[in-house]
Amino acid sequence: VHVDEAYGPALLALARLCKRTNRAEECARHCQTLLRINAKEAEHASMLLGELAFLKGDFEMATFHYQQLLEKKPNDYKALVQLLGLLRGAGKLEEAPRFLSRAQKQDPRSSLHMGFAFCKGLYHRYI
């Protein structure tokens with residue numbers, strides 16, 4: 001099957017299909033391509049790479065992918081929840097307030113967002 005590697009939505013769909021069918025290597029390759037072409041779907045690709053690394057047991061790499069995603073998009077609360085769990089498991093929970101603070105600075109109304117409240121509550125539960 002020939003895939004136009006410049007068309008992000010198709011690559012993302014293909015990466016998700018590969019993940020669902022347990023073809024992790026192929027999924028990672030498609031995600032790396034998405035990151036390289038800097039498509040709108042790159043955020044989803046970072047999330048998928050984090051999930052793949054987590055499933056492989058490479059928690060350091062999973063943490064890296066979630067941190068990279070949160071550097072670009074601080075208000076991605078799904079990624080923030082994953083990162084908080086990884087930081088807790090690694091005993092590095094002292095790094096979490098930086099990401100919570102960035103999320104709050106990015107969106108002044110974040111304190112009203114349920115996702116942010118959940119992340120903040122999760123952090124306080126962990127500490």
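Since we're looking at a predicted model, the values are computed, not measured.

Trainee: How should the overall build of the protein chain be read in this particular structure?
Mentor: A count of helices and strands for the protein chain gives seven helices and zero strands. Ordered by position in the sequence, the α and β elements of the protein chain form the string α-α-α-α-α-α-α. A globule of 127 residues ought to have a C-alpha radius of gyration of about 14 Å, and the protein chain, at 15 Å, matches this closely. Overall size of the protein chain, expressed as C-alpha extent along the three principal axes, is 50 × 30 × 20 Å. The 127 residues of the protein chain split such that 39% are buried. Within the protein chain, contacts between residues at least 6 apart in sequence are counted, and of these 49% link residues at least 24 apart. For the protein chain, the accessible area works out to roughly 7800 Å², and carbon and sulfur atoms hold 53% of it. Each charge class in the protein chain can be summarised by its mean position, and for the 19 positive and 14 negative side chains these summaries are 5 Å apart.

Trainee: Where do I start with the nonpolar core in this structure?
Mentor: Note on soluble globular proteins: their nonpolar side chains tend to be buried together. Among the nonpolar cores identified, the biggest contains 22 residues, and Tyr-66, Leu-80 and Leu-84 are the most heavily contacted of them. Going through the elements one at a time, α3 (42-56), α4 (59-72), α5 (77-90), α6 (96-106) and α7 (114-126) are the ones with two or more residues in this core. Contact partners of Tyr-66, with chain neighbours within four places excluded, come to Met-47, Gly-50, Glu-51, Ala-79, Gln-82, Leu-83 and Leu-86. In terms of nonpolar packing, the next biggest core, distinct from the first, is built from 12 residues, Cys-27, Cys-31, Leu-34 and Leu-48 among them.

Trainee: Would you explain α7 in this entry?
Mentor: Residues three or four positions apart in an α-helix share a direction because the helix packs 3.6 residues into each turn. Compared with an ideal rise of 1.5 Å per residue, which puts 13 residues at 18 Å, α7 spans 18 Å between its outermost C-alpha atoms and is within 8% of the ideal. Those residues of α7 not exposed but buried are Gly-115, Phe-116, Cys-119, Leu-122 and Tyr-123. Angularly, the buried residues of α7 cover 125 degrees about the axis, an arc narrow enough to put them on a single face. Opposite the buried face of α7, by more than 90 degrees, sit the exposed residues Met-114, Phe-118 and Arg-125. Packed against the buried residues of α7 are α5 and α6.

Trainee: I would appreciate a short explanation of the pattern of salt bridges in the present structure.
Mentor: A side chain of one charge can pair with a side chain of the opposite charge when the charged atoms of the two come close. Considering all chains together, one arrives at five salt bridges under this definition. Glu-71 is the partner of Arg-98 in a salt bridge, and the nearest nitrogen-oxygen pair spans 3.4 Å. Of the two residues, Arg-98 is situated in helix α6 and Glu-71 in helix α4; the sequence distance between them amounts to 27 residues. Members of the salt-bridge network, linked through shared partners, are Glu-71, Arg-98 and Arg-102.

Trainee: What exactly am I supposed to notice about unusual backbone geometry here?
Mentor: Glycine aside, residues mostly have negative phi angles, and peptide bonds mostly take the trans form. Positive phi outside glycine occurs at Asn-22, with the angle close to 60 degrees. Mapping Asn-22 onto the fold places it in the loop between α1 (8-20) and α2 (24-37).

Trainee: Honestly, the packing of α1 against α3 in this entry has me stumped. Any pointers?
Mentor: To describe two helices that pack against each other, one gives the angle between their axes and the distance between the axes. At a minimum axis separation of 11 Å, α1 and α3 run at an interaxial angle of 15 degrees. Judged by the angle between their axes, α1 and α3 are roughly parallel. Seen from above, α1 lies across α3 with left-handed handedness. Mapping the contact onto sequence places Leu-12, Ala-15, Arg-16 and Lys-19 in α1 and His-44, Ala-45, Leu-48, Glu-51, Leu-52 and Leu-55 in α3.

Thresholds applied
Residues numbered from 1 in each chain as written. Predicted model: local features only at pLDDT ≥ 70, side-chain atom pairs only at ≥ 80, totals over all residues. Heavy atoms only, no water. Helix = DSSP H or I, 4+ residues; strand = E, 2+ residues; numbered from the N terminus. Rg over C-alpha atoms; globule rule 2.2 N^0.38 Å. Buried < 20%, exposed > 50% of the residue type's maximum accessible area, 1.4 Å probe, protein only. Contact = heavy atoms within 4.5 Å. Areas by Shrake-Rupley, 256 points an atom, 1.4 Å probe, with all protein chains shown as cover. Lys, Arg positive; Asp, Glu negative; His and termini not counted. Charge placed at Lys NZ, Arg CZ, Asp CG, Glu CD. Core = buried A, V, L, I, M, F, W, Y, C linked by side-chain atoms within 4.5 Å. Expected span 1.5 Å × (residues − 1). Arc of directions from axis to C-beta. Salt bridge = Lys/Arg side-chain N within 4 Å of Asp/Glu carboxyl O. Axes fitted to C-alpha atoms, helices over the stretch in contact; angles between N-to-C directions. Parallel < 35°, antiparallel > 145°, perpendicular 65-115°, else oblique. Left-handed = near helix turned anticlockwise from the far one by under 90°.

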